[in-house]
Amino acid sequence: TGSGISPGSSWQQTGFFKNRENAESLATVLRQRGFSPVVREEKRPSGTVYYAVLVPDDGTAAKRLKDAGFESYLVKD
């Protein structure tokens, strides 16, 4: 999976897409708003590939995302 993601990390997931372009587009908007998102590829047992847009959770990420108009939920590795 890569992208410098370490096990035991906590993230705020802001998007989950079948299309990489949509995920990258959201990540670009997040970067413009001062966040540091990563796009992680997830392959399901069915073979379908999804792209999760994740922001590192530092304890304040959820509130900052909400204040910026983004919905998110906590995920852990």
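From a predicted model like this one, the values you see are computed outputs, not experimental measurements. (Residues numbered from 1 in each chain as written. Predicted model: local features only at pLDDT ≥ 70, side-chain atom pairs only at ≥ 80, totals over all residues. Heavy atoms only, no water.)

Colleague: Looking at this model, I keep getting lost on the nonpolar core. Mind explaining?
Modeller: The nonpolar side chains of a soluble globular protein tend to be buried with one another. Membership of the largest hydrophobic core is limited to 12 residues, which are Ala23, Leu26, Ala27, Leu30, Phe35, Val39, Tyr51, Val53, Val55, Ala61, Leu65 and Phe70. Contributing elements (two or more residues each) for this core: helix 1 (20-32), strand 3 (49-56) and helix 2 (61-67). Ranked by residues supplied to this core, first place goes to helix 1 with four residues. Look past the residues within four positions of Ala61 in its chain and what remains in contact with it is Gln12, Val55 and Pro56. In terms of nonpolar packing, the next biggest core, distinct from the first, is built from five residues, Trp11, Val38, Ala52 and Leu54 among them. (Core = buried A, V, L, I, M, F, W, Y, C linked by side-chain atoms within 4.5 Å. Buried < 20%, exposed > 50% of the residue type's maximum accessible area, 1.4 Å probe, protein only. Helix = DSSP H or I, 4+ residues; strand = E, 2+ residues; numbered from the N terminus. Contact = heavy atoms within 4.5 Å.)

Colleague: Is there a simple way to think about the side chain of Ser10 in this case?
Modeller: For Ser10, the position within the fold is in strand 1 (residues 10-17). Accessibility expressed as a relative area gives 18% for Ser10, which makes it buried. If sequence neighbours within four positions are ignored, Ser10 has contacts with Pro56, Asp57, Leu74, Val75 and Lys76.

Colleague: I keep staring at the pairing of strand 1 and nothing clicks. Help me out?
Modeller: Note on strand geometry: in a regular strand, side chains alternate between the two faces of the sheet. Burial of strand 1 is extensive: six of the eight residues sit out of reach of the surface. When strand 1 meets strand 4 (residues 73-76), the two strands line up antiparallel, connected through four bridges. Residue pairing across strands places Gln12 opposite Leu74, the latter belonging to strand 4. One ladder, built from six bridges, connects strand 1 with strand 3; its direction is antiparallel. The residue bridging Trp11 from the neighbouring strand is Pro56, located in strand 3. (Pairing = 2+ DSSP bridges.)

Colleague: I'm lost on the sheet that holds strand 4 in this one. Help?
Modeller: The pairing of strands in a sheet happens through backbone hydrogen bonds and is either parallel or antiparallel. If you walk across this open sheet you meet the four strands as 2-3-1-4, and the pairing is antiparallel. The outermost strands of the open sheet, each flanked by one partner alone, are strand 2 (38-43) and strand 4. Strand after strand, the sheet turns through a mean of 45 degrees between neighbouring axes, direction not considered. The pairing of strand 2 with strand 3 spans six bridges and is classified as antiparallel. Residue pairing in the sheet places Val39 in a bridge with Val53 of strand 3. (Axes fitted to C-alpha atoms, helices over the stretch in contact; angles between N-to-C directions.)

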